[in-house]
Amino acid sequence: MNLLDHISQNLYTAVLSDSLDSLGYRRQVMREYIRPVYSKYQVIAGYAHTIAFVDSDEILPNPFDAEIEAVDAIERDDIVVISTGNSIQNAPWGELLSTASVARGARGAVIEGFVRDVKMIEELGFPVFATGMKPLDSNGRGLLTSYNKPIVCGEVEVNPGDLIVADFDGVIVIPTALIEATIERANAKVTGENNSRAELQKGAYLRDVYKKYGVL
């Protein structure tokens, strides 16, 4: 089993956040307004493919050239991460971009902005997290300024290749240099939580279980 599948099947954002806390990285969780646009999937994990948008009222002669280039650069196991400066006018993601991402082998998308074509994205089965939904075109509302460059999304710095994990609790960013240590600590904590749960279900007192395993 590869690392991303292991995370999806055995870990989750809360335990990963705790592990990053223990390493001294306490601000790796994106803001609470970035939510799953549908709830069929559980945990997704992949490597950040970053895209930056800014608000713009300019209508360009070839408005989608930059978006097409950025999407065609997606690689297998990527999660697309889009910053918009928390725009309330731009919907940079929809069904066709999701379809193209699936074909490229992407595992999901995290959008600090709006998304459209949600029912079609759900039918496609492509996991998307976003700040909301609006049936807007990005043309004349947003301008793609870069991709595969550092961005800030949900008030967290994201660099290309960082590990992104998302579930119903939220979205977490694990810097590349911390992946191994974070996963190692998360695996250990999950083992402790599983042991604690088993004893609590048998009627053990929480204080005794916490004293024994040290997890909560």
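Keep in mind that what you see is a predicted model, and the values were worked out from it rather than measured. (Residues numbered from 1 in each chain as written. Predicted model: local features only at pLDDT ≥ 70, side-chain atom pairs only at ≥ 80, totals over all residues. Heavy atoms only, no water.)

Quick word on the nonpolar core
Note on soluble globular proteins: their nonpolar side chains tend to be buried together. Counting residues in hydrophobic clusters, the biggest one holds 38 residues, and the most contacted among them are Met30, Val81, Trp93, Val110, Val128, Val158 and Ile164. Top contributing element to this core by residue count: strand E2 (residues 44-55), with five residues. Each residue touching isoleucine 164, except ones within four places of it in the same chain, is listed here: Ile44, Ala45, Gly46, Ala48, Ile79, Val81, Val110, Val158, Val171, Ile172 and Val173. Formed by 17 residues, the second largest nonpolar core is a distinct cluster that contains Leu11, Val15, Leu163 and Ile174. (Core = buried A, V, L, I, M, F, W, Y, C linked by side-chain atoms within 4.5 Å. Buried < 20%, exposed > 50% of the residue type's maximum accessible area, 1.4 Å probe, protein only. Helix = DSSP H or I, 4+ residues; strand = E, 2+ residues; numbered from the N terminus. Contact = heavy atoms within 4.5 Å.)

Brief notes about unusual backbone geometry
For residues that are not glycine, phi is negative in most cases, and the peptide bond is trans in most cases. Phi is positive for asparagine 86, which is not a glycine, with a value near 60°. Inspection of the secondary structure puts asparagine 86 in the loop between strand E3 (78-83) and helix H4 (95-104). Backbone geometry places aspartate 117, a non-glycine residue, at a positive phi of 60°. Checked against the element boundaries, aspartate 117 lands in the loop between strand E4 (108-115) and helix H5 (118-124).

Some points on empty space enclosed by the protein
Tallied over the full model, the rule gives one cavity of 30 Å³ or more. For the largest cavity, the calculated volume is near 40 Å³. Surrounding the largest cavity, Ile51, Phe53, Glu67, Val71, Ile82, Pro92, Trp93, Leu97 and Leu144 form its lining. Contributions of two or more residues to the lining of the largest cavity are made by E2 and helix H3 (65-72). When its residues are assigned to classes, the lining of the largest cavity shows eight nonpolar, no polar and one charged. (1 Å grid on protein atoms, 1.4 Å probe; cavity = no way out; pocket = protein on both sides within 12 Å on 5 of 7 lines; lining within 4 Å. Points joined across faces, edges and corners; volume = space filled by probe spheres on them. Nonpolar A, V, L, I, M, F, W, Y, C, P; charged D, E, K, R; others polar.)

Regarding the environment of threonine 176
Along the chain, threonine 176 falls in the loop between strand E10 (170-174) and helix H6 (179-201). Expressed as a C-alpha distance, the spacing of threonine 176 and leucine 163, which sit 13 residues apart in the sequence, is 6.5 Å. Dropping the residues within four chain positions of it, threonine 176 is found in contact with Gly161 and Asp162. Within polar-contact distance, the side chain of threonine 176 engages the backbone oxygen of glycine 161 at 3.3 Å. (Polar contact = N/O pair within 3.5 Å; in protein donor to acceptor, adjacent residues only side chain to side chain.)

Examining a nonpolar patch on the surface
On the surface, Leu200, Leu206, Tyr210 and Leu216 cluster together into a nonpolar patch covering about 420 Å² of accessible area. By the secondary structure assignment, leucine 200 is in helix H6. (Patch = residues over 30% accessible without salt bridge, like charges linked within 9 Å, V, L, I, M, F, W, Y side chains within 5 Å. Areas by Shrake-Rupley, 256 points an atom, 1.4 Å probe, with all protein chains shown as cover. Salt bridge = Lys/Arg side-chain N within 4 Å of Asp/Glu carboxyl O.)

So, the pattern of salt bridges
Here the structure, examined in full by the defined rule, presents six salt bridges. Lysine 189 serves as the salt-bridge partner of aspartate 18, at 2.4 Å between the closest nitrogen and oxygen. Here aspartate 18, found in helix H2 (residues 13-22), pairs with lysine 189, found in helix H6; they are 171 residues apart in sequence, far enough to count as distant. Using a relative accessible area of 31% as the deciding quantity, one classes aspartate 18 as partly exposed. On the accessibility criterion, lysine 189 (15% relative accessible area) is buried. The residue arginine 31 makes a salt bridge to glutamate 155 at a minimum N-O spacing of 2.8 Å. With arginine 31 in the loop between H2 and strand E1 (35-36) and glutamate 155 in the loop between strand E7 (151-153) and strand E8 (156-158), this residue pair connects regions lying 124 residues apart in the sequence.

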